Amino acid sequence: MPPSPAVAEDPVRLAEFEARIAADGSIEPKDWMPARYRSQLVRMMSQHAHSEVVGMLPEGNWITRAPSLRRKMILLAKVQDEGGHGLYIYCGTETLGVDRHDLVQQLLDGKAKYSSIFNYPTLTWADIGAIGWLVDGAAIVNQTMLAKASYGPYARAMVRICKEENFHKRQGYEIMTTLARGTPAQQAMAQESLNRWWWPSLMMFGPHDADSPNSDELKRWGIKRKSNDELRQRFVNLTIAQVKAIGLTVPDPDLAYDEATGDWKTGPIDWDEFWRVVKGDGLCNKERLDARRAAHAEGAWVREAAVAHAARRAAGD
Amino acid sequence: MTPASPEQPWPVWEVFIQPAAGDPHEHAGSVHAVDAEHALQNARDTYARRNEGVSLWVVPAAAITASTPEDMGPFFDPANDKAYRHPQFYKVPKGVKVF
């Protein structure tokens, strides 16, 4: 990790700031904050916003092929929500003095990170179930924590998002349940999808605490209230019962219940795969960016029309 | 308010939403838009996809004047020494149970 930019903070203000956070106070845009708090938030929130936007792509892949009109309407609404979530978080990020325009440009230029989970392909309809259930389920665990983040605009965006994510998770689990109770071929499709999405979902929480350089600072400043491993464990504990309820199994021969702690312990996570995908070598990294750039370029006429229309109205036409 | 070109950032509008008739409008977030009508449409699509409100206000962010955190002490100070504005300041005789 690169050393943090050497900004000499006023020790009195820093102490006041940290005391306020320790007392569970909320920080608002105009409040004094250390430069590093601001830059960490911009990094984290913009990556989060980009993830929502790129997250539309794997599911958008199935809108035209949804198996019924009901499923199609649900999927359209879900994908629209993800776009909305991106906008909530970009709006929150802008309160830190950055411009959404620049953030979007960083994404299009391939300079910004987003969640690696979206660099995996959606090969079957069951993947739409797995994403809603596991990916949105993991996101809920993370975002429920972030809804208590010390930065007010981020926390408020998370409250709004969490309300909507519950529908996303439910509809995904309903798809998986339907398949798991269907024909042998449908059951096999559900299991095969779970096999592919299980480990990447666990990786969504990021590296183990010992390998997570930003975590201490983020916790001290109340941006994160729980560690990556704590959140991952919570997700596993919640999800295993749901897996069993529909007769599926997770692809982990080492999975074991720990009577003492009440936790489900998983086998080792393949961090080589995690870092490969983070560094750009996942199955769909290039495809996702190409699709985002194409969508931006194809939307140019809409932006031009909006400006032209506003100009004509302003001129009294 | 209209930007010169489509690729320039559009102005920011703050969005206020009234959850139900009789409630005050509350700040929901912001949108970018070329003009007020566009801002209202974007605000509806962004902040009211689930009947979250019955009324929306959009205000150019640049038009809002806000107090600053540095003001917080002195600006709100005059309220601190006027305890007599609160009902608890006054004693009611013991015999009076419901006032």
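Keep in mind it's a predicted model, so treat the numbers as computed, not measured.

A few points about helix H5 (residues 100–108) of chain A
All names here are of chain A.
Part 1: Buried within H5 are the following residues: Leu103, Val104, Leu107 and Leu108. An end-on view of H5 places all buried positions within 140° of arc, on one side of the element.
Part 2: Tucked inside the fold, the buried residues of H5 contact helix H2 (35–54), helix H4 (69–94) and helix H12 (285–298).
Part 3: The backbone nitrogen of His101 has a side-chain oxygen 2.8 Å away, supplied by the residue at the start of H5, namely Asp99.
Part 4: Trailing H5 by a residue or two, Gly110 shows a phi angle of about 75°, which is positive.

What to know about a nonpolar patch on the surface
Residue and element names in this part refer to chain B.
Part 1: Residues Met72, Phe75 and Phe76 make up a contiguous nonpolar surface patch of about 340 Å² in total accessible area.
Part 2: Secondary-structure assignment places Met72 in helix H2 (residues 72–76).
Part 3: Since its relative accessible area comes to 46%, Met72 is described here as partly exposed.

Points about the interface of chain A and chain B
Part 1: In this assembly, 27 residues from chain A lie in contact with 27 residues from chain B.
Part 2: Summing the contributions of chain A and of chain B, the shared interface buries around 2,200 Å²; its carbon and sulfur component is 51%.
Part 3: At the surface where chain A touches chain B, the tally comes to six salt bridges.
Part 4: Arg50(B) is the salt-bridge partner of Asp81(A), the closest N and O atoms lying 2.4 Å from each other.
Part 5: Scanning the region where chain A abuts chain B turns up 10 residue pairs in polar contact (both at pLDDT 80 or more).
Part 6: Breaking the side of chain A that touches chain B down by element, the ones donating at least two residues are H4, H5, helix H7 (152–180) and helix H13 (300–314) of chain A.
Part 7: The element contributing the most residues to the side of chain A that touches chain B is H13(A), with nine residues.
Part 8: The class makeup of the residues in the side of chain A that touches chain B is nine nonpolar, six polar and 12 charged.

A few points about the sheet that holds strand E2 (residues 26–32) of chain B
Strands pair in a sheet through their backbones, by hydrogen bonds, and they do so in one of two ways: parallel or antiparallel.
All names here are of chain B.
Part 1: Across the sheet, which stays open at both edges, the three strands sit in the order E2-E1-E3 with antiparallel pairing between neighbours. For this open sheet the edge positions go to E2 and strand E3 (55–60), each flanked by a neighbour on one side alone. Across the sheet, the axes of successive neighbouring strands diverge by a mean angle of 30°, strand direction being ignored.
Part 2: In this structure, strand E1 (residues 12–18) lies alongside E2, joined through six bridges in antiparallel fashion. Paired with Val12 across the bridge in E2 is His32.

Some remarks on the packing of aromatic side chains
Residue and element names in this part refer to chain A.
Part 1: Taken as a whole, this structure holds 17 aromatic pairs over all chains when the rule is applied.
Part 2: Between the aromatic rings of Phe17 and Trp221, the centroid separation amounts to 6.3 Å while the plane-to-plane angle is 80°, which identifies the pairing as edge-to-face. One end of the pair, Phe17, is in helix H1 (residues 11–22); the other, Trp221, is in the loop between helix H9 (215–220) and helix H10 (228–245), with 204 residues separating them in the sequence. Across the pair, exposure class does not vary: Phe17 and Trp221 are buried alike.
Part 3: Put simply, the rings of Phe17, Trp32, Tyr37, Tyr151 and Trp221 touch in pairs and so form one group of aromatic residues.
Part 4: The residue whose ring lies beneath Arg65 is Trp62, and the NZ or CZ to ring-centre distance is 4.1 Å.
Part 5: Sitting over the face of the ring of Tyr88, Arg160 holds its NZ or CZ atom 5.8 Å from the ring centroid.

Side note on the confidence of the model for chain A
Part 1: Mean pLDDT over chain A works out to 94, with 98% of the residues at or above the 70 mark.
Part 2: Per-element confidence in chain A ranges from a low mean pLDDT of 88 for H9(A) to a high of 98 for helix H8 (residues 184–203) of chain A.

Thresholds, definitions, all that
- Residues numbered from 1 in each chain as written.
- Chains lettered and ligands numbered in written order.
- Predicted model: local features only at pLDDT ≥ 70, side-chain atom pairs only at ≥ 80, totals over all residues.
- Heavy atoms only, no water.
- Buried < 20%, exposed > 50% of the residue type's maximum accessible area, 1.4 Å probe, protein only.
- Helix = DSSP H or I, 4+ residues; strand = E, 2+ residues; numbered from the N terminus.
- Arc of directions from axis to C-beta.
- Contact = heavy atoms within 4.5 Å.
- Polar contact = N/O pair within 3.5 Å; in protein donor to acceptor, adjacent residues only side chain to side chain.
- Patch = residues over 30% accessible without salt bridge, like charges linked within 9 Å, V, L, I, M, F, W, Y side chains within 5 Å.
- Areas by Shrake-Rupley, 256 points an atom, 1.4 Å probe, with all protein chains shown as cover.
- Salt bridge = Lys/Arg side-chain N within 4 Å of Asp/Glu carboxyl O.
- Buried area = accessible area lost by both parts, 1.4 Å probe.
- Nonpolar A, V, L, I, M, F, W, Y, C, P; charged D, E, K, R; others polar.
- Pairing = 2+ DSSP bridges.
- Axes fitted to C-alpha atoms, helices over the stretch in contact; angles between N-to-C directions.
- Phe/Tyr/Trp six-rings, centres within 6.5 Å; stacked < 30°, edge-to-face > 60°.
- Lys NZ or Arg CZ within 6 Å of the ring centre and 35° of its normal.
- pLDDT = per-residue confidence, 0-100.

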